[in-house]
Amino acid sequence: MVRRSSLQEIREQTYKVRDAWWTVLLVDPLAARLVRLVAPYRWITPNLLTGLATLLGLASAACFLAPCFLGRDRWWLAAGAAFFHLSFVVDCMDGKVARLNGTGSLFGAWFDFMFDRLRVFGCAVALFGGGYARTGEVAYLWTLIVVTFLDLFRYVNAQQMTRTRESMRADLEEAAGAAASTTPDPAVLMPPQGPRARLRAALLRHRIRTHLVSGIEFEMAVFIIGPLTGWVIATSLVAGALLVAFELLLIVKLWRATRGFPVALAKAQAAAALGRPLQNAGSVPDPDARLNA
């Protein structure tokens, strides 16, 4: 008899501490139930699910192109949006199955990242290229360039910010050494103050990260909301502007962290030299956790 993990076990072992609101609200509830069905079958590997997500992405791209040959634009665009959302659900399942069964691999991480990017690029070419073929409006081609650039920029920027933050944290931990203390800063124990802090705390209680428009929300706006509403270009541009705004906020946070890093490093080195504990010596201001989609 096949032994299935409970939904609670799947949530505890596979959910990220913080995730995009689209994933938390619209993907995880379905993905967790599907993972419960497929996880006992070890032949359903994370790489197999990544391949299936890619095939569903190709189906989405085909639907976005179909109006060029078959007409009935609205229905095909809606079908493309549905396939894209389903492909994202399956794409989220591969990581959950990997964490649940302990079957993750370095190659699997590469495979997932590369085919995610290929899926998004293929759907973008189909959606906006198809729009240009039907209407002859050059705005579709310009929007294709913007969408492709922003998608690549967001993921490259996320990787570089993560490397920078991890490098600073490692340097602080090495400098602090045995002098580092796990005693929390009293300020950390203070309850959130002000509407903004309370909103942040409320979001985090529901696993929703405060980076409300990330690459995930951007993709969903472009390939789901835009096609469903028929406002493909307008939705893409608004989502792109919001993505840029939130990315700039993260860049500013990282800039502030790097400015304060030399002082924090000097304090950690001085405390280590004197053999004194330094509260939070190994911490670096976190410019919001960057979690891959």
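One structure accompanies this document, and this report is about it. Bear in mind that the values here come from a model prediction, so they are computed numbers and not experimental data. (Residues numbered from 1 in each chain as written. Predicted model: local features only at pLDDT ≥ 70, side-chain atom pairs only at ≥ 80, totals over all residues. Heavy atoms only, no water.)

What to know about the overall build of the chain
And step 1. Helices and strands together make up the secondary structure of the chain, namely eleven helices and two strands.
And step 2. Classification of the 293 residues of the chain by burial places 43% in the buried group.
And step 3. Expressed as a percentage of contacts within the chain between residues at least 6 apart in sequence, the contacts between residues at least 24 apart total 84%. (Helix = DSSP H or I, 4+ residues; strand = E, 2+ residues; numbered from the N terminus. Buried < 20%, exposed > 50% of the residue type's maximum accessible area, 1.4 Å probe, protein only. Contact = heavy atoms within 4.5 Å.)

Some points on unusual backbone geometry
And step 1. Its identity as a non-glycine residue notwithstanding, Arg207 has a phi of 70°, on the positive side.
And step 2. Along the polypeptide, Arg207 turns up in the loop between helix H9 (194-205) and helix H10 (215-229).
And step 3. Taking relative accessible area as the criterion, Arg207 reaches 16% and is therefore assigned buried.

Let's talk about a nonpolar patch on the surface
And step 1. On the surface, a nonpolar cluster with roughly 490 Å² of combined accessible area is contributed by Tyr132, Val138, Leu141, Trp142 and Ile145.
And step 2. Looking at the nonpolar patch element by element, the count peaks at three residues for helix H7 (residues 139-176).
And step 3. Here Ile145 shows up in helix H7. (Patch = residues over 30% accessible without salt bridge, like charges linked within 9 Å, V, L, I, M, F, W, Y side chains within 5 Å. Areas by Shrake-Rupley, 256 points an atom, 1.4 Å probe, with all protein chains shown as cover. Salt bridge = Lys/Arg side-chain N within 4 Å of Asp/Glu carboxyl O.)

As for the pattern of salt bridges
And step 1. In total, this model carries seven salt bridges according to the counting rule given.
And step 2. Among the ionic pairs, Asp73 bridges to Arg134, the shortest N-O distance being 3.1 Å. Of this pair, Asp73 sits in helix H5 (residues 73-101) while Arg134 is found in helix H6 (residues 106-135), placing the two residues 61 residues apart along the sequence.
And step 3. Arg119 serves as the salt-bridge partner of Asp116, at 3.1 Å between the closest nitrogen and oxygen. Taken together, the residues span about one helical turn, with Asp116 and Arg119 both in helix H6 at a distance of three residues. An identical accessibility class is assigned to Asp116 and Arg119; each is buried.
And step 4. Through salt bridges that share partners, Asp28, Lys96 and Arg207 make up one connected network.

A look at H5
And step 1. The first and last C-alpha atoms of H5 sit 42 Å apart over 29 residues, in line with the 42 Å expected at 1.5 Å per residue.
And step 2. Trailing H5 by a residue or two, Gly102 shows a phi angle of about 65°, which is positive. (Expected span 1.5 Å × (residues − 1).)

Thoughts on the nonpolar core
And step 1. Counting residues in each nonpolar core, the largest one holds 49 residues, and the members touching the most others are Leu127, Phe128 and Phe223.
And step 2. Looking at this core, the elements with two or more residues in it are helix H2 (21-38), helix H3 (46-65), H5, H6, H7, H10 and helix H11 (232-274).
And step 3. By residue number, the principal contributor to this core is H5, which donates ten residues.
And step 4. Aside from chain neighbours lying at most four places away, what touches Phe223 is Phe64, Ala81, Phe84, Val120, Cys123, Ala124, Leu127 and Val147. (Core = buried A, V, L, I, M, F, W, Y, C linked by side-chain atoms within 4.5 Å.)

Observations regarding the packing of H7 against H10
And step 1. Where H7 contacts H10, the axes come no closer than 10 Å and their chain directions differ by 160°. As far as their axial angle goes, H10 and H7 are roughly antiparallel. Crossing of H7 against H10: the hand is left-handed. On H10, the residues that touch Val147, Leu150, Asp151, Arg154 and Tyr155 of H7 are Gly215, Ile216, Phe218, Glu219, Val222 and Phe223.
And step 2. The residue makeup of the contact of H7 with H10, split by class, is seven nonpolar, one polar and three charged. (Axes fitted to C-alpha atoms, helices over the stretch in contact; angles between N-to-C directions. Parallel < 35°, antiparallel > 145°, perpendicular 65-115°, else oblique. Left-handed = near helix turned anticlockwise from the far one by under 90°. Nonpolar A, V, L, I, M, F, W, Y, C, P; charged D, E, K, R; others polar.)

Focus: H9
And step 1. In a regular helix each residue adds 1.5 Å, so twelve residues correspond to 16 Å; H9 covers 17 Å between its end C-alpha atoms and thus fits that length.
And step 2. Just past H9, the residue Arg207 takes up positive phi, approximately 70°.

Overview of the packing of aromatic side chains
And step 1. Scanning the model with the defined rule gives seven aromatic pairs in all.
And step 2. Seen in terms of ring centroids, Phe107 and Trp110 are 5.4 Å apart; in terms of plane orientation they differ by 35°. Their pairing is tilted. In this pair, Phe107 and Trp110 both sit in helix H6, three residues apart, roughly one turn of the helix.
And step 3. With a relative accessible area of 46%, Trp110 lands in the partly exposed category.
And step 4. Aromatic ring contacts, followed pair by pair, group Phe107, Trp110, Phe111 and Phe115 into a single cluster.
And step 5. If you follow Arg117 out to its NZ or CZ, it ends over the ring of Phe113, 5.6 Å from the centre.
And step 6. Stacked on the ring of Tyr155, the Lys or Arg Arg154 has its end atom at 5.0 Å from the ring centre. (Phe/Tyr/Trp six-rings, centres within 6.5 Å; stacked < 30°, edge-to-face > 60°. Lys NZ or Arg CZ within 6 Å of the ring centre and 35° of its normal.)

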